[in-house]
Amino acid sequence: MAVLEVSGLCKSFGETLAVDGLGFSVGEGETYGLLGPNGAGKTTAISMIAGVLGRDGGEVRVGGQRHHPAGRRTKAMIGYVPQEPALYPDLTGRRNLRFFARLHGLAREEAGRRAAEVLELVGLTGRGDDLVGTYSGGMARRLNIAAGLLNRPRLLILDEPTAGVDPQSRNAIFDAVRRLTADGVAVLYTTHYMEEAERLCDRVGILDGGRMRAEGTRRELVALVGERDQVTLRAEGDLGAAVRALAAIAEAGEVSEREDGVELLVRDARAVLPRILAAVTGTGASVGSVEVREPDLEAVFLHLTGRALRD
Amino acid sequence: MKVWIIAGMNLRRTFSERTNAFFMIAMPFLMIFVMGLLFGPGQQLRLGVAGGDQGPLARDLVTALTKGERVAVEPFGGADALRQAVERGEVQGGLLIPAGYDAGLRGGGGAEVRYLSRASDLRSLDLTAWVRSVVPQEAAVLRAARLGPFDESLAAARRAEAPGVEVKVSTAGEAIFPEGLGAFSVSAPSLVLLYTFLSSLTAAVGLVALRRSGIARRMYATPTPARTLVAGEALGRLFIALAQGLLIMLGSALLFGVDWGDPLGAAALLVLFAMVGGGAAMLLGSLFDKEGPVSSAALIIGMGLAGAGGTMVPLESLGETMRSVARFTPHAWGYEGFAELVRHGAGVTGILPQLGVLAGFAAVLFSAGVWALRRALIRP
Ligand SMILES: Nc1ncnc2c1ncn2[C@@H]1O[C@H](COP(=O)(O)OP(=O)(O)O)[C@@H](O)[C@H]1O
Ligand SMILES: [Mg+2]
């Protein structure tokens, strides 16, 4: 069952149509990525879904229930992690967490216990009693995520959680997200990093100018634009014969000889790879290495919008 | 319950911040102490006198001036030394008794004494009032003495003087500072008002930070209704103002022995004035989107109203125009209310007009503040 269902979501700021008829859904244990450049409308969309920003139109359902900005039953199911760490810098990490836990309705002792748990989850147990003002950017972002986990949400909303963090914190964030989805949490994740969406998300929605341009698994999106995988073989022997043998494979597109091997474009390289190898070794050539490059979301974005994801 | 958690958070954060702790805790007491020394009636006034030992009549005048123990006379050798001492503030006023004072009076002619006062020195004003009331009395006695043989008539006139009648320093016929009132009892109420309001406004920076940091949004992302958030923040502002006021009131009672008079009246004044401060803070904190302008506005408004409302220099020493201007500030009404309680032992019923006006200020500012904060905290 879908934990989050969004349809026809709209919001404009004066003349700017920030979100325009957005619709998608996120299932249990699924990580859904909203991928788009700065100004695409990611934060606006996410704020409406979290219920902290009113919407002009559309419907949001969480756990099958209609979700209004003032809806407390649905908010109890959502963990919201804003783009910029929203924390009191003059309080300790633990104190911040206890405060927000109380607002989630946890009793005093329970709030203390839960604060300790989420600190552990994001790897900040050792720094829990330091003032947030003394944290590094990455630590503040991890605590920001921890605060979104206090209520054991069914839906976790993360707005660009890795923007400008060190690799260590980034990995800690990825690990935390993976552990949560393993427990069945639905994650809605926005980013303008293509690699992140590819690495972390089960499905991706490509957002631009407030509109959903395309949606699906990475493979679906790539197939949508007819991109083929690029296979590069390093080989020694009669490379001309190898090229002819490869061209005979039905799925193969352009095949070309290179200085130290051959290169070809092919749909679904993973499926065809055994036959590719067989064809090359059949000519008596020896294969040193094989590299398969699947087309990335960057290419998809470029194809859909005519612009690069990052300028 | 959540309302209290949010309000408590406001209070704790405001007072635990290091600079706030200095400005809200240490500063007020320092100010009470300093202002008590400056303006308090417990201080002796020093009057410099030149030419006071030339004869019995001059000595009589000086004696008359030292009656009542509030004024200490300090003799000076000449007019120049006296003028210098007044200029430097070593004495609050100077009386120059001309050479030939005694002779002139005895001879049936008049005598003119000159008085030097200090501009914009409240204690000097106080002393001037005293000298102005003593000298004419002495003059009256001397005039009577001229009706017959001088010395006999003078003795008779002095006897005729009603014994035990003491001239008190006064402006409108009623003592501003009743005798026996501690120096700090005059400055403390002013500072309660000044600081309760000023600290409230200064702490309004916290409301801006709350919005800018996204914490307000995060709070609203929890299952907490908007009205609870606003109520919590509003109560927090009230707590901050009350804590500041209470801190000064209790602290000054303990440290400086200030007697706040009727507890019920004092509590009513403090609560209403805290609502005024809290309401103004919410308005200010909702109006601006950046912390900088709030800080500056807090200082300007906080000090401006305190000055106009007579809590920086006593309301009684302000001119007619300034006094009518003061009526438009909540400070002046608070000042009057506390003056009635502290100086004249009034009870709640004695300060009903002041409480009424303050309640009006509180109702308008607090509800406007809540309205503005609701709109600023959670944008549609
Ligand atoms: N509060 C606001 N007032 C006016 N315009 C806004 C506001 N918030 C966002 N916008 C505009 O809406 C568009 C989408 O912004 P945003 O949702 O922040 O994009 P993203 O998060 O994808 O970078 C942008 O053009 C932005 O300028
Ligand atoms: Mg954004």
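Please refer to the structure higher up on the page.
Residues numbered from 1 in each chain as written. Chains lettered and ligands numbered in written order. Predicted model: local features only at pLDDT ≥ 70, side-chain atom pairs only at ≥ 80, totals over all residues. Heavy atoms only, no water.

Comments concerning the overall build of chain B
Here is step 1 of the chain: Counting secondary structure elements, chain B contains 16 helices and 4 strands.
Here is step 2 of the chain: Counting across all 380 residues of chain B, residues that qualify as buried make up 47%.
Here is step 3 of the chain: The contacts in chain B between residues at least 6 apart in sequence include a share of 77% that link residues at least 24 apart.
Here is step 4 of the chain: Approximately 17,200 Å² of chain B is accessible, and the part contributed by carbon and sulfur atoms is 63%. (Helix = DSSP H or I, 4+ residues; strand = E, 2+ residues; numbered from the N terminus. Buried < 20%, exposed > 50% of the residue type's maximum accessible area, 1.4 Å probe, protein only. Contact = heavy atoms within 4.5 Å. Areas by Shrake-Rupley, 256 points an atom, 1.4 Å probe, with all protein chains shown as cover.)

Describing the site of ligand 1
Residue and element names in this part refer to chain A.
Here is step 1 of the chain: Taken together, F13, T16, A18, P37, N38, G39, A40, G41, K42, T43 and T44 make up all the residues around ligand 1.
Here is step 2 of the chain: Residue T43 places a side-chain N or O atom 2.7 Å away from an oxygen atom belonging to ligand 1.
Here is step 3 of the chain: One nitrogen or oxygen atom from the side chain of T44 is found 2.5 Å from an oxygen atom belonging to ligand 1.
Here is step 4 of the chain: Relative to its unbound accessible surface of 560 Å², ligand 1 loses 58% to contact with the protein.
Here is step 5 of the chain: Elements supplying a minimum of two residues to the shell around ligand 1: β2 (16-27) and α1 (42-50). (Near = heavy atom within 4 Å. Polar contact = N/O pair within 3.5 Å; in protein donor to acceptor, adjacent residues only side chain to side chain.)

Looking at the interface of chain B and chain A
Here is step 1 of the chain: Counting residues at the interface gives 23 residues for chain B, matched by 30 residues for chain A.
Here is step 2 of the chain: Each partner contributes to the roughly 2,500 Å² buried at the junction of chain B and chain A, and carbon and sulfur atoms together form 62% of this total.
Here is step 3 of the chain: Ranking the residues of chain B by area buried against chain A places R217, R218 and P223 of chain B at the top, with a combined share of 29%.
Here is step 4 of the chain: Remark: the boundary between chain B and chain A carries 1 salt bridge.
Here is step 5 of the chain: Viewed at the interface, chain A and chain B are joined by 9 residue pairs in polar contact (both at pLDDT 80 or more).
Here is step 6 of the chain: Secondary-structure elements contributing two or more residues to the side of chain B that touches chain A are α1 (2-16) and α10 (215-221) of chain B.
Here is step 7 of the chain: Residues that form the side of chain B that touches chain A fall into these classes: 12 nonpolar, 4 polar and 7 charged. (Buried area = accessible area lost by both parts, 1.4 Å probe. Salt bridge = Lys/Arg side-chain N within 4 Å of Asp/Glu carboxyl O. Nonpolar A, V, L, I, M, F, W, Y, C, P; charged D, E, K, R; others polar.)

Here we look at the coordination of the magnesium ion (ligand 2)
Note on metal sites: the ideal angle is 109.5 degrees for four tetrahedral donors, and 90 or 180 degrees for six octahedral donors.
All names here are of chain A.
Here is step 1 of the chain: Here the magnesium ion (ligand 2) is held by the protein donor atoms T43 (OG1) and Q83 (OE1), which lie 1.9 to 2.3 Å from it. Separated by 40 residues along the polypeptide, T43 in helix α1 and Q83 in the loop between β6 (78-81) and α3 (93-103) bring together distant segments of the chain.
Here is step 2 of the chain: Residue T43 is classed as partly exposed on the basis of its relative accessible area of 30%. (Donors = N, O, S within 2.8 Å, 3.2 Å for Na, K, Ca; no water.)

Examining the nonpolar core
Generally speaking, nonpolar side chains in soluble globular proteins are found buried as a group.
Here is step 1 of the chain: In terms of nonpolar packing, the biggest core is built from 67 residues, with L97 and F99 of chain A together with M219 of chain B touching the most fellow members.
Here is step 2 of the chain: The element contributing the most residues to this core is helix α5 (residues 137-148) of chain A, with 6 residues.
Here is step 3 of the chain: Setting aside its immediate chain neighbours within four residues, F99 of chain A contacts Y88 of chain A together with I5, I6, M9 and M219 of chain B.
Here is step 4 of the chain: Within the second largest apolar cluster, 44 residues are counted, among which are L193, V294, L315 and L341 of chain B. (Core = buried A, V, L, I, M, F, W, Y, C linked by side-chain atoms within 4.5 Å.)

As for the environment of L304 of chain A
Here is step 1 of the chain: Mapping L304 of chain A onto the fold places it in helix α11 (residues 297-305).
Here is step 2 of the chain: Apart from residues no more than four positions distant in its own chain, L304 of chain A is found in contact with I206, R213 and A214 of chain A.

A word on the packing of helix α12 (residues 263-287) of chain B against helix α15 (residues 330-344) of chain B
Residues and elements named next belong to chain B.
Here is step 1 of the chain: Close contact between α12 and α15 brings their axes to 10 Å; oriented N to C, the two are set at 170 degrees. The angle between the axes of α12 and α15 places the two elements in the roughly antiparallel class. On α15, the residues that touch G265, A266, L269, F273 and V276 of α12 are P330, H331, G334, G337, F338 and L341.
Here is step 2 of the chain: Classifying every residue of the contact of α12 with α15 by side-chain character gives 7 nonpolar, 4 polar and no charged. (Axes fitted to C-alpha atoms, helices over the stretch in contact; angles between N-to-C directions. Parallel < 35°, antiparallel > 145°, perpendicular 65-115°, else oblique.)

With respect to the pairing of β2 of chain A
Residue and element names in this part refer to chain A.
Here is step 1 of the chain: Across 9 bridges, the pairing between strand β1 (residues 2-13) and β2 is antiparallel. Bridge pairing in β2 links S12 to L17.
Here is step 2 of the chain: Once β1 ends, the chain turns through 2 residues before running back antiparallel as β2, passing G14 with a positive phi of about 60 degrees. (Pairing = 2+ DSSP bridges.)

So, helix α4 (residues 79-88) of chain B
Residue and element names in this part refer to chain B.
Here is step 1 of the chain: Looking at α4, one finds that the buried residues are L82, A85 and V86. Along α4, the residues classed as buried sweep out an arc of 100 degrees about the axis, all on the same side. Summarising the geometry of α4, the exposed residues directed more than 90 degrees from the buried face are D80, E87 and R88.
Here is step 2 of the chain: Tucked inside the fold, the buried residues of α4 contact β1 (45-50), β2 (71-76), β3 (93-96) and β4 (114-117). (Arc of directions from axis to C-beta.)

Things to note about the sheet that holds β1 of chain B
Note on sheets: strands pair through backbone hydrogen bonds, and any given pair is parallel or antiparallel.
Residues and elements named next belong to chain B.
Here is step 1 of the chain: Spatial ordering of the open sheet is given by β2-β1-β3-β4, a layout of 4 strands whose pairing is mixed. Looking along the sheet, the strands with just one partner apiece sit at the ends: β2 and β4. Neighbour-to-neighbour, the strand axes of the sheet open up by a mean angle of 25 degrees, direction not taken into account.
Here is step 2 of the chain: Two elements, β3 and β4, share 4 bridges in a ladder whose sense is antiparallel.

Some thoughts on the pattern of salt bridges
Think of it this way: side chains of opposite charge can pair up when their charged atoms draw near.
Residues and elements named next belong to chain A.
Here is step 1 of the chain: With the rule as written, the count across this model stands at 24 salt bridges over all chains.
Here is step 2 of the chain: A salt bridge links K42 to E160; its shortest N-O distance comes to 3.4 Å. Placement of the pair is K42 in helix α1 and E160 in the loop between β7 (155-159) and α6 (167-182), with a sequence separation of 118 residues.
Here is step 3 of the chain: Given a relative accessible area of 3%, K42 falls into the buried group.
Here is step 4 of the chain: A relative accessible area of 5% means that E160 is categorised as buried.
Here is step 5 of the chain: Across the pair E117 and R114 runs a salt bridge, and its minimum N-O distance is 2.6 Å. Residue E117 and its partner R114 are both found in helix α4 (residues 108-121); the two are separated by 3 residues, about one turn of the helix.
Here is step 6 of the chain: In this structure E117 comes out as partly exposed when scored by relative accessible area, which is 35%.
Here is step 7 of the chain: Each of E30, R203 and E215 takes part in salt bridges that share partners, so that together they form one network.

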